Amino acid sequence: MMFALHGRPFKEDNIPYVQHLLNYLQKKEIHLIIHEEFVAYLQSCRISLPSLYSVFKTKEDLDKPQLMLSIGGDGTLLESATFIGKKNIPLVGINTGRLGFLATTPREELEGSIDQLISGSYKISERTLIKLISEENLFGDLNFAMNEFALTKRDSSSMITVHTYIDGEFLNSYWADGLLVSTPTGSTGYSLSCGGPLVHPKTENFIITPISPHNLNVRPMIVPDNSHISFEIEGRNQNFLISLDSRYEIVSSSIKLSIKKEDFKIQLIELKNYNYYKTLRSKLNWGLDARN
């Protein structure tokens, strides 16, 4: 079998776990294809690489892996998804980060998790993506996001106005620091911190959430994910910031932007011990009360 492997720099206390992961994969005779920048980082940490590995630079090099391992937090997993794109390679996150709504596999359960991956004892959760449409070739072929599309003011200047339309019908003019459109997967991310609702990943919705709106009666809204959402931007500053997950571009107010559901999905692996509601309770500290 062949597994792809991607990661970002991690804290020093994760080194023994990562070394154990690589040793165990070698013991199970798994061929690893590792992102070249992560290889250099592992070597700088004096981590011993397995004898059976190769290197990938771009997503074009990922034709043979049965799945991809992402070592880090949710940001690392979102970055890993950009390498997969429409290749339908299942993705699993090993959490060496902090919160980990998406990278849910604990580092302390590596051997059992790897055994499940090798035997195919897991379920696939297909996650909807947002696609950005514009006149300019923004983000190239990475014009999609698993969490959210964000449109924000560029600096600390006055708020902006985002005129928003759904399927050509006017929805609202948001006076705010910006506007988010999130997938159900992204409902536990930036949208949640802006007051957006939690939405189960199997629902077919997008969440429109204003960022620090001037009018307090303007609330987040859930719309069907087959909607075509378009925007017109106004502000004192004629340049604005747009982002897809952690990737961003600076655009002018004259640009026409819209979003819709991407044609393909990302396949997230759910191992046997995974439960969405349990993850919510754990990560959001529900029930932590002196009375309990």
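From a predicted model like this one, the values you see are computed outputs, not experimental measurements.

Caption draft 1: How the structure looks around the packing of aromatic side chains. Here the structure, examined in full by the defined rule, presents eight aromatic pairs. Between Phe-38 and Tyr-41, the aromatic rings sit 6.4 Å apart at their centres with planes inclined by 15 degrees, giving stacked as the arrangement. Placement of both Phe-38 and Tyr-41 in helix H2 (residues 36-44) is noted, with a separation of three residues, approximately one turn of the helix. Phe-38 sits in the buried class, given a relative accessible area of 2%. Taking 5.5 Å as the distance between ring centres and 75 degrees as the angle between the ring planes, the aromatic pair formed by Tyr-276 and Tyr-277 counts as edge-to-face.

Caption draft 2: How the structure looks around the confidence of the model for the chain. Mean pLDDT over the chain works out to 93, with 99% of the residues at or above the 70 mark. Here strand S6 (residues 105-106) is the element of the chain with the lowest mean pLDDT, 88, and strand S15 (residues 221-224) is the one with the highest, 98.

Caption draft 3: The arrangement of the sheet that holds strand S10 (residues 148-153) in detail. What the six strands build is an open sheet, ordered S15-S14-S13-S10-S17-S18; its pairing is antiparallel. Unpaired on one side and paired on the other, S15 and strand S18 (247-252) mark the two borders of the sheet. This sheet shows a mean twist of 20 degrees between the axes of neighbouring strands, independent of strand direction. Strand direction decides the pairing type here: strand S14 (residues 205-211) and S15, joined by four bridges, are antiparallel. Of the residues in S15, the one forming a bridge with Phe-206 is Val-223.

Caption draft 4: Examining the sheet that holds strand S8 (residues 130-134) more closely. Pairing is antiparallel across the open sheet formed by six strands, whose spatial order is S9-S8-S19-S16-S11-S12. The open sheet has two edge strands, strand S9 (144-145) and strand S12 (169-176), and neither has a second partner. Note: strand S16 (residues 229-234) against strand S19 (residues 257-261), three bridges, orientation antiparallel. Its bridge partner being in S19, Ser-230 is matched across the sheet by Ser-258.

Caption draft 5: Quick look at the environment of Lys-28. Along the chain, Lys-28 turns up in the loop between helix H1 (15-27) and strand S2 (31-35). Residue Lys-28 is classed as partly exposed on the basis of its relative accessible area, which comes to 36%. Leaving out residues up to four positions away in the same chain, Lys-28 has contacts with Asp-115 and Ile-118.

Criteria and thresholds
Residues numbered from 1 in each chain as written. Predicted model: local features only at pLDDT ≥ 70, side-chain atom pairs only at ≥ 80, totals over all residues. Heavy atoms only, no water. Phe/Tyr/Trp six-rings, centres within 6.5 Å; stacked < 30°, edge-to-face > 60°. Helix = DSSP H or I, 4+ residues; strand = E, 2+ residues; numbered from the N terminus. Buried < 20%, exposed > 50% of the residue type's maximum accessible area, 1.4 Å probe, protein only. pLDDT = per-residue confidence, 0-100. Pairing = 2+ DSSP bridges. Axes fitted to C-alpha atoms, helices over the stretch in contact; angles between N-to-C directions. Contact = heavy atoms within 4.5 Å.

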